[in-house]
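Residue-level structure breakdown
Below, each chain spelled out in residue letters.
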Amino acid sequence: MKAITLIFIMSITAIYSFGQKHPYQNQSLPVEQRVNDLLKRMTLPEKVAELNLVPYYEQNDAKVKKDIREGKIGALLKANGAARNRSLQEEAMKHSRLGIPLMFHEDVIHGYRTITPIPLAESCSWNPELVAQSSAMAAKEATAAGIQLTYAPMVDISNDPRWGRIMETSGEDAFLGSVLARARVEGFQGKNANDPNTVAACVKHFAGYGALLGGCDYQNTDFSLRDLQERYLPPFQAAIDAGVKSVMCSYTSYDGEPVTMNYFMNTEILRKQMGFKGLFMTDWTTFNHAVSEGAAANGKEAAERGMLSGIEMDMSSWQYHNHLSQLVKEKKIPMKQLDNAVAHALKLKFEAGLFDHPYQYFDTVREQRTLLSEESKKIAYEMAAASMVLLKNKDNALPLKSTGKIALIGPFVTNKADFLGSWSMKGVAEEVVSVLEGFSSNQDISRIFALGCEQNGVSNEFIASATTLAQKSDIVIVCVGESCSLIGEAVTTARISIPQEQIKLVKALKKTGKQVITVLFNGRPLVLDEILQNSDALLEAWYPGTMGGQAVADILTGKINPSAKLTQTFPRHSGQIPISYNQRRTFGYIHHADIPQGAEFPFGYGLSYTNYIYSGLEAERDSIRIGTPVKIKIRVKNNGKYAGREVVQLYIRDEVASIVPREKELKGFQSVILHPGEEKTVTFNLTPELFTLYNNKMQKVTEPGAFQIMVGPNSADLQRKKMILY
Ligand code: GLC
C-alpha cells in the first residue's frame, strides 16, 4: 500500500511543481500581491531594466532585440504595428527569466491612423463627451496596433501663440483644460484597464512647460508658485482625479532646478499635494539635458538626483541603466525607493493584461479591421465639424447659396498632408479628405471650379488665374493657412500670420468685388487683420485631420451649423503677446498706442448661422454665506432660422481679494441645443469651490466680499450680476 501512496504523492507533487504558479503568475490574485511577489524574485539588474524606456526604430531593430535578450529594457516607445510588436514581445518572453513582458508606449495625441483635429482645435468644441470619444477611438486604433500606453493628454497652458506646441494644448484656461484633461483620460483609459481597447494615459508635461520665455520651445521658464498652483497644476489634478496611470515630466525647470531632478515638484507637489500614485517618467533624455545645460555634472549625478527627486522611468537617456545599480550598491539610492518605482512600472503591465496575455495586442487581423474604420472616420468627422470656429459672417455670406458656380482657390484646396497637423502618428496624407473632395461629395460637381496649388505656389501668375476664375464665379472660397512645419515641437515663430503671398491672394480676390469666403488652416492663433478686411466670412478650420475637408464643405454649405468657440485669445498684433482673457488686474491699463486695444477675438468667441439672445440673468439670492451653493439662471433664445448648439459660459470676478484678482475666470459652461424660436433656461449651480483663491500664504481660502457673476456667449459679451459672500 505504502508504495502506491508514495507514487501517488510524488506524481501530484511532480504535476504541481511542473505547472507551479508563483503568486505573481496567478491571475486570480490582486495586482498588488502579484507585484510584490515578483519584486521579491527580481535581481537588481532586472529591476533596473524595468525603468529603462528605450526608443525603437527600424534601423536599430537588431540592437534593440539584443538589448531585450540581454534583459536591459522594460518598455519601448516608437515601436508600433501588431506584427512588429509581436516580434519584439517574443524576444522578451523567450529570454526573460521571470517571463516579464515588454510594454509599448507611443505618442497617440490626436488619433493613431485616423487622425482627429489637433488638440487645440478639439478644445474649441467645448464638448468633453465628444473629446472623450475621440480619445477612445484613438485608443482603440492604437491598441490594435500594439500600443498599451499613450503620451497624452498634454495639458500645458500657454498665452504665447509663437510657441509651436500651443497646437497640442487645450487652450489658455485652466478650468476648461481641467474638464478636457479628465475627458481625455477617461476616453483613453476607459472603465477597465485590461480592456484591450484601452490604453494607459500619460498626462504631460509636468509642469509649467507652456510658460517658456518668448514662446521659444525648450527655453527655460520662470513662473511663481502662484502661477503653478493656479494655472499649471489644475489640469494635472483633474487627470490624477480621473485616475491617470502615468505622468511625464517637462523639459523645463521650476525655480531654477530642472523638473527632471526637482524634489519639490516631483515629490512634495506631485505625490504629497496632488496624491498621484502611478508611474512618473522623464521626457526624452531629460537626464542628458540636465548635464548639457550645466545643471548636473554627469549622467550619474542626474540619475541619482532624478531618482531621489521621485522620477521613476528614464526615457531614452540610459542613465538609469548605466548608474542605478551602482547607486544602490553605494547606498546613495535606497532599494525601497527603487522597488517603489519598479512596482509602478510592473503594475501597469499587470493591469494591461500583459503578464497573462502577452500577445493580446498583436493581432494583425484586428489591426486591419480597426484602423481607419468607418466608425473611426465618423468620430473624426464629428470632431472636425465641432472644432471649426466661425469668426466672421458679414451679411450672412454663409451658409452658401444652393445655386451658382463655386470657385475653390488656394494652397489648401487639394492639400492633404497639412490637415494631419503635428504629432500625426500613423496618419496617411492620401487618406485625408481634401476640401475639393469634400465639396465634390456634397455638391453637384458641375458647380465646382477648383484652382489649388502647393504652399509655395501662390505666385503672381497663380493670383492672376485665381482672379480670372473668381470673376467668372458666383461664390469665391479661398483656402489659406500656415504650413504645419511651423507648429509642433522644437518650432517657434516670430511672426504669427499666414504668408504674405496668401494675403495678397485674398486681397486680389476681394478686389474682384465678389463675396470672399476664407477658410483658415493653422495650428495657433494668428494675426488676421488683412485677412479679415478682405473676407466676408472667415472659418477657422485649424488642422482638421483625416475628415477635415468633408467637415469644411458641410459647414460652408449649411449641412452643419458651426458651434465651436475659441479657447485661445487671438491678438491683433504679435506685439500684444502674452495675451489672455484672464490677466491679473492693474490700477492702470496702458494699451499699445499704435494699434486698437484688446484682442482681435476673445477667449470663448465663435459665431453661428443663427443668433442667440441672452436675457434674465438671476440668482437664487444676491448674498450667500461662504460655503453654501447658489443657483443662477439665464434664458437663451434662438432668434434665427437655423437650429444650433450654443456654449453658454459662466465667469466669476472677485472684486476685492487679499491678492491681486484676475479680470475674470471661467467657472463653468453648458451647451444647449436650440431650434429656431426656441428658448431655454440654463441653470448653473455655483458651488463654494468656485469662489476659492490662494491667499498670500498660498492657502486655498474663500474670502468674504463682492463678486460679479457673469454669463454669456464668450468672455467679452457678458450679462453681469453682483453677488455678496459673507
Ligand atoms: C518629446 C516630447 C514629448 C513626447 C516624447 C516622446 O520630445 O516632449 O511630448 O511624448 O518626446 O516622443
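Calculation criteria
- Residues numbered from 1 in each chain as written.
- Predicted model: local features only at pLDDT ≥ 70, side-chain atom pairs only at ≥ 80, totals over all residues.
- Heavy atoms only, no water.
- Buried < 20%, exposed > 50% of the residue type's maximum accessible area, 1.4 Å probe, protein only.
- Helix = DSSP H or I, 4+ residues; strand = E, 2+ residues; numbered from the N terminus.
- Arc of directions from axis to C-beta.
- Contact = heavy atoms within 4.5 Å.
- Phe/Tyr/Trp six-rings, centres within 6.5 Å; stacked < 30°, edge-to-face > 60°.
- Lys NZ or Arg CZ within 6 Å of the ring centre and 35° of its normal.
- Near = heavy atom within 4 Å.
- Polar contact = N/O pair within 3.5 Å; in protein donor to acceptor, adjacent residues only side chain to side chain.
- Areas by Shrake-Rupley, 256 points an atom, 1.4 Å probe, with all protein chains shown as cover.
- Nonpolar A, V, L, I, M, F, W, Y, C, P; charged D, E, K, R; others polar.
- Pairing = 2+ DSSP bridges.
- Axes fitted to C-alpha atoms, helices over the stretch in contact; angles between N-to-C directions.
- Core = buried A, V, L, I, M, F, W, Y, C linked by side-chain atoms within 4.5 Å.

Moving on, we come to helix H18 (residues 435-442). Residues of H18 that are buried: Val-435, Gly-438 and Phe-439. Looking straight down H18, one finds that the buried residues subtend no more than 95° of arc, so they occupy a single side. Where H18 is buried, its residues meet strand S12 (406-410), strand S13 (448-452), strand S14 (475-481), strand S15 (516-521) and helix H22 (548-556).

What follows concerns the packing of aromatic side chains. On inspection of all chains with the given rule, the structure shows 25 aromatic pairs. When the centroid spacing of 5.5 Å and the interplanar angle of 80° are considered together, the rings of Phe-104 and Phe-362 count as edge-to-face. Here the residue Phe-104 occupies a position in strand S3 (residues 103-106), and Phe-362 occupies one in the loop between helix H15 (335-351) and helix H16 (364-370), the gap between them amounting to 258 residues. For the pair Phe-104 and Phe-362, one class covers both residues: buried. With centroids separated by 5.1 Å and ring planes inclined at 90°, the aromatic side chains of Trp-126 and Phe-669 adopt a geometry described as edge-to-face. With Trp-126 in the loop between helix H6 (119-123) and helix H7 (128-144) and Phe-669 in strand S21 (residues 665-674), this residue pair connects regions lying 543 residues apart in the sequence. You can call Trp-126 buried: its relative accessible area is 1%. Overall, the relative accessible area of 16% leaves Phe-669 in the buried class. The rings of Trp-126, Phe-175, Tyr-581, Phe-603, Tyr-651 and Phe-669 are connected pair by pair, giving a single aromatic cluster. The side chain of Lys-204 reaches across the aromatic face of Trp-423, ending 5.4 Å from its centre. A cation over an aromatic ring shows up here: Lys-405 above the ring of Phe-449, its NZ or CZ 4.7 Å from the ring centre.

Here we take up the site of the ligand. Within the structure, the ligand sits among 14 residues, and Asp-107, Arg-165, His-205, Tyr-251 and Asp-283 are positioned closest to it. Contact between the ligand and Lys-204: an oxygen atom at 2.8 Å from a side-chain N or O atom of the residue. A distance of 2.8 Å separates an oxygen atom of the ligand from a polar atom in the side chain of Glu-489. Out of a free accessible area of 310 Å², the ligand has 96% covered by protein chains. Tallied by class, the residues present in the shell around the ligand amount to seven nonpolar, one polar and six charged.

So, on to the sheet that holds strand S11 (residues 389-393). The strand order across the open sheet built from six strands is S11-S16-S15-S14-S12-S13, with neighbouring strands paired in mixed fashion. Looking at which strands have only one partner, the edges of the open sheet turn out to be S11 and S13. On average, adjacent strands in this sheet sit at an angle of 15° to one another, irrespective of strand direction. Pairing geometry for S11 and strand S16 (residues 537-540), over four bridges, is antiparallel. Bridge pairing links Lys-392 to Leu-538 in S16.

Our focus in this paragraph is the environment of Lys-633. Among the secondary structure elements, Lys-633 is positioned in strand S19 (residues 630-638). Considering only alpha carbons, one finds Lys-633 and Ala-193, 440 residues apart in sequence, at a separation of 40 Å. Apart from the residues within four sequence positions on either side, Lys-633 is in contact with Gly-616, Leu-617, Glu-618, Thr-681, Val-682 and Thr-683.

Turning our eyes to something else, we now look at the environment of Gln-326. Along the chain, Gln-326 falls in helix H14 (residues 319-329). Classification of Gln-326 by relative accessible area gives partly exposed; the value is 37%. Between the C-alpha atom of Gln-326 and that of Met-261, which follows or precedes it by 65 residues, the distance is 18 Å.

Judged by nonpolar contacts, the single largest core of 103 residues is most densely connected at Leu-76, Phe-206, Met-281 and Leu-346. The leading source of residues in this core is H15, at eight residues. When sequence neighbours within four positions are dropped, the list of residues in contact with Met-281 reads Leu-53, His-105, Leu-149, Tyr-151, Cys-202, Ser-246, Val-247, Met-248, Cys-249, Ile-311, Met-313 and Met-315. In terms of nonpolar packing, the next biggest core, distinct from the first, is built from 44 residues, Ile-496, Leu-538, Leu-566 and Phe-570 among them.

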